[in-house]
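Observations on the three-dimensional arrangement
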Amino acid sequence: NWSEAANWNRDTVPNANSNVYFSSTSTKDCTVDQAVSVRNFSLAAGYTGTVTLSVIIGQNLVVSDTLKLDAGLLVDNGRTVSFKNCYIANTSTRLTSTGIWKQTASGEISNPSVDNVFILYEVAANLTGTLSGQVYTKQLVLGAGSTVTGASYLNLYNPTVDNFIVLGSGAVISPSYLQITLNSN
């Protein structure tokens, strides 16, 4: 479990100033059993485990800078994952998403595999989300005055709700390409 100090380097549970890296030296699964705030969070090359967020409402993952999923699997369990920058490798099974992925500071995002689609990608008010690679999501929510921009595709992939684009006052969508894929069923 995340909250067990003995499971961590230096026998200390990570805090808001911590950089958390799961690498090839730590291949075990991790159950996040509390709300978590860290500076950086990475499932690095060579990690083969699964990090599963809590099923308890309010026990979200807050990453104040960069979240990277290069290996392993992150299961968000319907929790909110907040970040400034988010990079997900262009390979399948890096993410199982049923929660909100929220950009809470202007930064970059890349989620180029349809196999890792976000249920909901949100950009908080008055911020800019810059697509550094393709992004797949089922729903897009832009806060008032926010912008999604960049030289890549924003893919709204098989939306599961009627209002799959929600724009706050003054919000702007301006990627190089906007693609909407609707399920034919």
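Residues numbered from 1 in each chain as written. Predicted model: local features only at pLDDT ≥ 70, side-chain atom pairs only at ≥ 80, totals over all residues. Heavy atoms only, no water.

Moving on, we get to the side chain of Q139. Along the chain, Q139 falls in the loop between β15 (128–137) and β16 (140–142). For Q139, the side chain forms a polar contact with the main-chain oxygen of N163, separated by 3.3 Å. (Helix = DSSP H or I, 4+ residues; strand = E, 2+ residues; numbered from the N terminus. Polar contact = N/O pair within 3.5 Å; in protein donor to acceptor, adjacent residues only side chain to side chain.)

Before going further, it helps to spend a moment on the pairing of strand β7 (residues 66–69). Along a regular strand, successive side chains alternate from one face of the sheet to the other. Pairing analysis gives 3 bridges linking strand β4 (residues 40–43) to β7, with the strands arranged parallel. Counterpart to S42 in the pairing with β7 is K68. (Pairing = 2+ DSSP bridges.)

Strands sit in the order β1-β4-β7-β10-β13-β15-β17-β19 across an open sheet of 8 strands; the sheet is parallel. Among the strands making up the open sheet, the edge pair consists of β1 (19–22) and β19 (172–181). The average angle at which neighbouring strand axes cross in this sheet is 10°, direction not considered. Bridge count between strand β17 (residues 147–157) and β19: 9 bridges; the pairing is parallel. (Axes fitted to C-alpha atoms, helices over the stretch in contact; angles between N-to-C directions.)

One finds W2, F22, F41 and W101 to be the most contacted residues of the largest nonpolar core, which totals 40 residues. If near-sequence neighbours (up to four positions away) are discounted, F41 is found in contact with W2, V20, F22, V51, V63, T66, L67, K68, L69 and L74. (Core = buried A, V, L, I, M, F, W, Y, C linked by side-chain atoms within 4.5 Å. Buried < 20%, exposed > 50% of the residue type's maximum accessible area, 1.4 Å probe, protein only. Contact = heavy atoms within 4.5 Å.)

It is worth spelling out the pattern of salt bridges at this point. Going through the model one piece at a time under the given rule, you end up with 2 salt bridges. The shortest N-O distance in the salt bridge between D70 and K68 comes to 3.6 Å. (Salt bridge = Lys/Arg side-chain N within 4 Å of Asp/Glu carboxyl O.)

Before going further, it helps to examine unusual backbone geometry. A positive phi angle, close to 50°, is found at N77, a residue other than glycine. For N77, the position within the fold is in the loop between β8 (73–75) and β9 (81–83).

Turning our attention to the packing of aromatic side chains. For the structure on display, the rule yields 11 aromatic pairs. For the pair F83 and W101, a centre-to-centre distance of 6.3 Å together with 50° between the ring planes defines the contact as tilted. Of this pair, F83 sits in strand β9 while W101 sits in strand β12 (residues 100–103), placing them 18 residues apart in sequence. Given a relative accessible area of 0%, W101 falls into the buried group. Centre to centre, the rings of F118 and Y121 are 6.2 Å apart; their planes meet at 35°, and the pair counts as tilted. Taken individually, F118 and Y121 each receive the classification buried, so the pair is uniform in this respect. Among the aromatic residues, those joined into a cluster by ring pairs are W2, W8, F22, F41 and Y47. (Phe/Tyr/Trp six-rings, centres within 6.5 Å; stacked < 30°, edge-to-face > 60°.)

Before going further, it helps to spend a moment on the side chain of S110. Structurally, the position occupied by S110 is in strand β13 (residues 107–111). Other than its neighbours up to four places away in sequence, S110 contacts C86, Y87, I88, S132, G133, Q134 and V135.

Time to look at the environment of N116. With respect to the secondary-structure elements, N116 resides in the loop between β13 and β14 (120–123). On the accessibility criterion, N116 (0% relative accessible area) is buried. Put simply, N116 and R39 are 77 residues apart on the chain and 23 Å apart in space, counted from C-alpha to C-alpha. At 3.4 Å, the side chain of N116 and the backbone nitrogen of T93 are in polar contact.

Geometric values such as these leave the question of function open.
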